[in-house]
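Given next are the chains, with one letter for each unit.
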Amino acid sequence: MSRELRGAPVAAAIAEGLRRRVDALAEAGRPPVLAVLRVGERPDDLSYERGLQKRADALGIGLRRVLPPEGCGQGELEAAIRSVNEDDEVSGCLMFRPLPAGLDGEAACTLLAPGKDVDGVTPLSLAKVFSGRGRGFAPCTAEAALRLLDHYGIGLSGRRVTVVGRSLIVGRPLALLLQARDATVTLCHSRTRDLAAACRGAEVLVVATGRPRMVGADFVTPGQVVVDVGINWDGEAGRLVGDVDFDAVAPLVSAITPVPGGIGSITTAVLMEHVVSAAELRH
Ligand code: NDP
């Protein structure tokens, strides 16, 4: 059986490193505050928001909800982002996406002040991920995958890493972060021919497709490390499942992340770290 790469110890180590920094900011009279911008009441968003509130409370980070009314237009959404930009007490902002139909999330993201972009959605943040130069934070989930590999001492330099999924919030930035760590990266997507072979050829396989359990036994080889970024609700099983078929893959590989209990908890810890760093950098 493989080694289970659990997210909780990674998240705990990140949180541990934050406590003193949060205290120092509070003592200086400028406690870190995360603004959460949410339109509507999607159950996923509400559940994630509850998790954020818990984590923020535990660390002494403030959480401020910014709630443009459901059914709002692009103008109201953009006004909400401007209000976040102008609010001196807010250190960073997370906007829940996808937004309701009719709202242009990409356009809205570009308005967020780069210094408050704690989830790497603005062009300047992405430029930092691309070039390694300048200021800005990487998208939290992509960074979370890297932090997990680092925590468990999984070396990247010179290794073959396949990333499945090329979204702007996970696969693409992660591929760049891995390249910056001298991994040899193959980035796959829905048009990749013989995806299973591309996955089998990797020493480290990262999957972020949003397709429940699509990576099965024929995608892996012994000795591989598998990182499953996927979080999908399986109505039939009544539980969360990943993009990797854990039961089929775990017995074959050397290490694998569970779902739930893997990348998700690290993502939130990385977000909190970005908020604290943003607060420190503001002054
Ligand atoms: P997107 O839908 O934005 O992107 C999915 C990517 O997977 C696309 O690049 C798509 O290819 C590719 N893809 C889809 N189907 C296949 C297939 N059959 N074969 C190969 N590639 C495929 O998803 P996200 O990146 O937003 O999310 C991916 C997963 O990560 C989801 O399960 C999501 O729930 C999870 N997630 C987890 C987070 C966490 O904190 N743990 C945070 C964010 C997301 P193409 O570009 O060709 O369409």
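Only a predicted model underlies this, so the values are computations on that prediction, with no experimental measurement involved. (Residues numbered from 1 in each chain as written. Predicted model: local features only at pLDDT ≥ 70, side-chain atom pairs only at ≥ 80, totals over all residues. Heavy atoms only, no water.)

### Some remarks on the overall build of the protein chain
Part 1: The number of helices and strands found in the protein chain is 10 helices and 11 strands.
Part 2: A globule of 283 residues ought to have a C-alpha radius of gyration of about 19 Å, and the protein chain, at 19 Å, matches this closely.
Part 3: The principal-axis extents of the C-alpha atoms in the protein chain amount to approximately 50 × 40 × 35 Å.
Part 4: Per-residue burial for the protein chain yields a buried fraction of 48% across its 283 residues.
Part 5: A separation threshold of at least 6 residues defines the contact pool for the protein chain, and within that pool the share at least 24 residues apart is 71%.
Part 6: Summed over its atoms, the accessible surface of the protein chain is roughly 13,100 Å², and 52% of this surface lies on carbon and sulfur atoms.
Part 7: Of note, the protein chain has its 32 positive side-chain charges centred 4 Å away from the centre of its 34 negative side-chain charges. (Helix = DSSP H or I, 4+ residues; strand = E, 2+ residues; numbered from the N terminus. Rg over C-alpha atoms; globule rule 2.2 N^0.38 Å. Buried < 20%, exposed > 50% of the residue type's maximum accessible area, 1.4 Å probe, protein only. Contact = heavy atoms within 4.5 Å. Areas by Shrake-Rupley, 256 points an atom, 1.4 Å probe, with all protein chains shown as cover. Lys, Arg positive; Asp, Glu negative; His and termini not counted. Charge placed at Lys NZ, Arg CZ, Asp CG, Glu CD.)

### What to know about the layout of surface pockets
Part 1: Looking at the second largest pocket, its volume works out to about 240 Å³.
Part 2: Taken together, Ala113, Pro114, Gly115, Lys116, Leu124, Arg135, Gly136, Phe137, Ala278, Leu281 and Arg282 make up the lining of the second largest pocket.
Part 3: By residue class, the composition of the lining of the second largest pocket is six nonpolar, two polar and three charged. (1 Å grid on protein atoms, 1.4 Å probe; cavity = no way out; pocket = protein on both sides within 12 Å on 5 of 7 lines; lining within 4 Å. Points joined across faces, edges and corners; volume = space filled by probe spheres on them. Nonpolar A, V, L, I, M, F, W, Y, C, P; charged D, E, K, R; others polar.)

### Digging into the domain arrangement of the protein chain
Part 1: The domains assigned to the protein chain are domain 1 (29–114) and domain 2 (140–264).
Part 2: One C-alpha centre belongs to domain 1, the other to domain 2; they are set 28 Å apart. (Domains from an automatic or database assignment.)

### Concerning the side chain of glutamate 78
Part 1: Its place among the elements puts glutamate 78 in helix H3 (residues 74–86).
Part 2: Buried within the structure, glutamate 78 lacks any salt-bridge partner; its nearest side chain of opposite charge belongs to arginine 82, at an N-O separation of 4.3 Å. (Salt bridge = Lys/Arg side-chain N within 4 Å of Asp/Glu carboxyl O.)

### Concerning the nonpolar core
Part 1: If you look at the biggest cluster of nonpolar residues, it comprises 57 residues, and the most contacted ones within it are Leu34, Leu52 and Leu178.
Part 2: By residue number, the principal contributor to this core is helix H10 (residues 263–281), which donates 10 residues.
Part 3: Among residues more than four places away in sequence, those in contact with leucine 178 are Leu146, Leu149, Leu156, Val161, Val163, Ala183 and Val185.
Part 4: Formed by 18 residues, the second largest nonpolar core is a distinct cluster that contains Leu37, Ile81, Cys93 and Met95. (Core = buried A, V, L, I, M, F, W, Y, C linked by side-chain atoms within 4.5 Å.)

### So, the packing of aromatic side chains
Part 1: Applying the stated criterion across every chain, the model contains one aromatic pair.
Part 2: For the ring pair tyrosine 48 and phenylalanine 96, a centre distance of 5.9 Å and an interplane angle of 55° mean the geometry is tilted. Of the two residues, tyrosine 48 is situated in helix H2 (residues 43–59) and phenylalanine 96 in the loop between strand S4 (92–95) and helix H4 (105–109); the sequence distance between them amounts to 48 residues.
Part 3: Judged by relative accessible area, phenylalanine 96 falls into the buried class, the value being 5%. (Phe/Tyr/Trp six-rings, centres within 6.5 Å; stacked < 30°, edge-to-face > 60°.)

### So, the pairing of strand S8 (residues 225–228)
Part 1: Where burial is concerned, the two faces of S8 agree: the one with Val225 and Val227 and the one with Val226 and Asp228 are both buried.
Part 2: Where strand S7 (residues 204–207) and S8 come together, four bridges link them in parallel fashion. Note that in S8 the partner of valine 207 across the bridge is aspartate 228.
Part 3: Two strands pair when backbone bridges link them, and S8 and strand S11 (residues 255–256) are joined in this way by two bridges, in the parallel orientation. Paired with valine 226 across the strands is isoleucine 256, a residue of S11. (Pairing = 2+ DSSP bridges.)

### Some remarks on the sheet that holds strand S6 (residues 184–188)
Part 1: Reading across from one edge, S1-S11-S8-S7-S5-S6 is the order of the six strands in this open sheet, with parallel pairing throughout. Strand pairing shows two members of the sheet lacking a second neighbour, strand S1 (3–4) and S6, which therefore form its edges.
Part 2: Judged from the five bridges that link them, strand S5 (residues 160–164) and S6 form a sheet pairing that is parallel. In the sheet register, valine 163 faces S6, and the bridge partner there is leucine 187.

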